[in-house]
Amino acid sequence: MELNGKIVAITGGGRGIGQSVAVGLAKKGAKIAILDLDQDAMATTKALVEAAGSEARVYQCNVADEERVESTFNRIVADFGSIEGLVNNAGILRDAQLIKVKEGKVVNKMSADHFEFVVDVHMKGTFLCAREAAAHMVELGVNEGCIVSMSSIAYRGNFGQTNYSAAKAGIVSMSRVWAKELGPYNIRSMVVAPGTIETELLRSMPADILEGFAKMVPLRRIGATENIAQAVESIFENSYLSGDVMEIHGGFTI
């Protein structure tokens, strides 16, 4: 896909990986629809996109809310006139062990609310946004569409992340289904699975913990959000990439 002039929606575009993806695609000439709940964060990303020489609009949207997602994608198409790309990036964490045991007694359990919340944002949100983006792409008759969904190497199952791992595995499965179903309309579907990446959450951790994370990576360093943006750009630009997972982890796997 030639990105210059294409319309790409990015969920969770206000900060971190979403912001880096927005700026990276903008430098290639893509026009960006930024979806997030944080208005201030979206304003920052919008300014960065414009500084990169492209156009951006912001849309406050809860990706787990079906009506809000439908209306948001209708607005994007009304505002820009088209949509050719989607990056499903919105996500949250509510980590806990399934059960926590101390001296033979269960002292804590992962709550159903935390399980549902994480699955709703990651998996249901990805589903809803992909559905609406694909519907508009087909009805608009776009020559080529591309949906990139953000998973994590945790999709293989990571300690303390039953909810997150399940949701990220679900994203991989859904994306592979969409590659088959949407391929006849020349809409590609891919997954990016980051490893340990330097986001705001990671930067807030003590230096010794960050150093420990880096030592687990064969490259001996934590990845940058720009590394994920580069992967997303390469997927958009390679018209034969579909139905697979691109893992960006510096050699560290679960």
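Here is a short report on the structure shown in this document. (Residues numbered from 1 in each chain as written. Predicted model: local features only at pLDDT ≥ 70, side-chain atom pairs only at ≥ 80, totals over all residues. Heavy atoms only, no water.)

What about the layout of surface pockets?
Argument step 1. In this model, the second largest pocket occupies a volume close to 190 Å³.
Argument step 2. Contributing to the lining of the second largest pocket are G16, Q19, S20, V23, G24, K27, T225, E226, A229, Q230 and E233.
Argument step 3. Secondary structure elements with two or more residues in the lining of the second largest pocket: α1 (16-27) and α8 (225-237).
Argument step 4. Broken down by element, the lining of the second largest pocket gets its largest block of residues, six residues, from α1.
Argument step 5. Taken together, the residues of the lining of the second largest pocket sort by class into two nonpolar, six polar and three charged. (1 Å grid on protein atoms, 1.4 Å probe; cavity = no way out; pocket = protein on both sides within 12 Å on 5 of 7 lines; lining within 4 Å. Points joined across faces, edges and corners; volume = space filled by probe spheres on them. Helix = DSSP H or I, 4+ residues; strand = E, 2+ residues; numbered from the N terminus. Nonpolar A, V, L, I, M, F, W, Y, C, P; charged D, E, K, R; others polar.)

A few points about the pattern of salt bridges
Argument step 1. Enumeration according to the criterion identifies twelve salt bridges in this entry.
Argument step 2. A salt bridge links K46 to E50; the nearest nitrogen and oxygen atoms lie 2.6 Å apart. Taken together, the residues span about one helical turn, with K46 and E50 both in helix α2 (residues 39-51) at a distance of four residues.
Argument step 3. Judged by its relative accessible area of 26%, K46 is partly exposed.
Argument step 4. Measuring nitrogen to oxygen at the nearest pair gives 3.7 Å for the salt bridge that ties R176 to D244. Residue R176 is located in helix α5 (residues 162-182), and its partner D244 is located in the loop between α8 and β9 (245-248); the two are separated by 68 residues in the primary sequence.
Argument step 5. You can call R176 partly exposed: its relative accessible area is 38%.
Argument step 6. Using a relative accessible area of 41% as the deciding quantity, one classes D244 as partly exposed. (Salt bridge = Lys/Arg side-chain N within 4 Å of Asp/Glu carboxyl O. Buried < 20%, exposed > 50% of the residue type's maximum accessible area, 1.4 Å probe, protein only.)

A few points about the nonpolar core
Argument step 1. Within the largest apolar cluster, 33 residues are counted, with the highest numbers of intra-cluster contacts made by A9, L35, F73, I76, L86 and I147.
Argument step 2. If you list the elements that add at least two residues to this core, you get β1 (7-11), β2 (31-36), α3 (66-80), α4 (112-140), α5 and β8 (187-194).
Argument step 3. Take this core: its biggest share by element is seven residues, from α4.
Argument step 4. Beyond its immediate sequence surroundings of up to four residues, I76 is in contact with I7, A9, A33, L35, Y59, G81 and S82. (Core = buried A, V, L, I, M, F, W, Y, C linked by side-chain atoms within 4.5 Å. Contact = heavy atoms within 4.5 Å.)

Concerning the environment of F117
Argument step 1. As for its position among the elements, F117 is in helix α4.
Argument step 2. Counting along the chain gives 25 residues from F117 to I92, while the straight-line C-alpha distance between them is 8.5 Å.
Argument step 3. When neighbours within four sequence positions are excluded, F117 is seen to be in contact with I92 and R94.

Regarding the packing of α1 against α8
Between two packed helices, both the angle of their axes relative to each other and the distance between the axes serve to describe the pair.
Argument step 1. As a packed pair, α1 and α8 sit with axes 8 Å apart at the nearest point and diverge in direction by 50 degrees. By the angle between their axes, α1 is oblique relative to α8. Crossing handedness for the pair α1 and α8: right-handed. Note on element contacts: α8 touches α1 through T225, E226, I228, A229, V232, E233 and F236, opposite G16, I17, S20, V21, G24 and L25.
Argument step 2. The class makeup of the residues in the contact of α1 with α8 is seven nonpolar, four polar and two charged. (Axes fitted to C-alpha atoms, helices over the stretch in contact; angles between N-to-C directions. Parallel < 35°, antiparallel > 145°, perpendicular 65-115°, else oblique. Left-handed = near helix turned anticlockwise from the far one by under 90°.)

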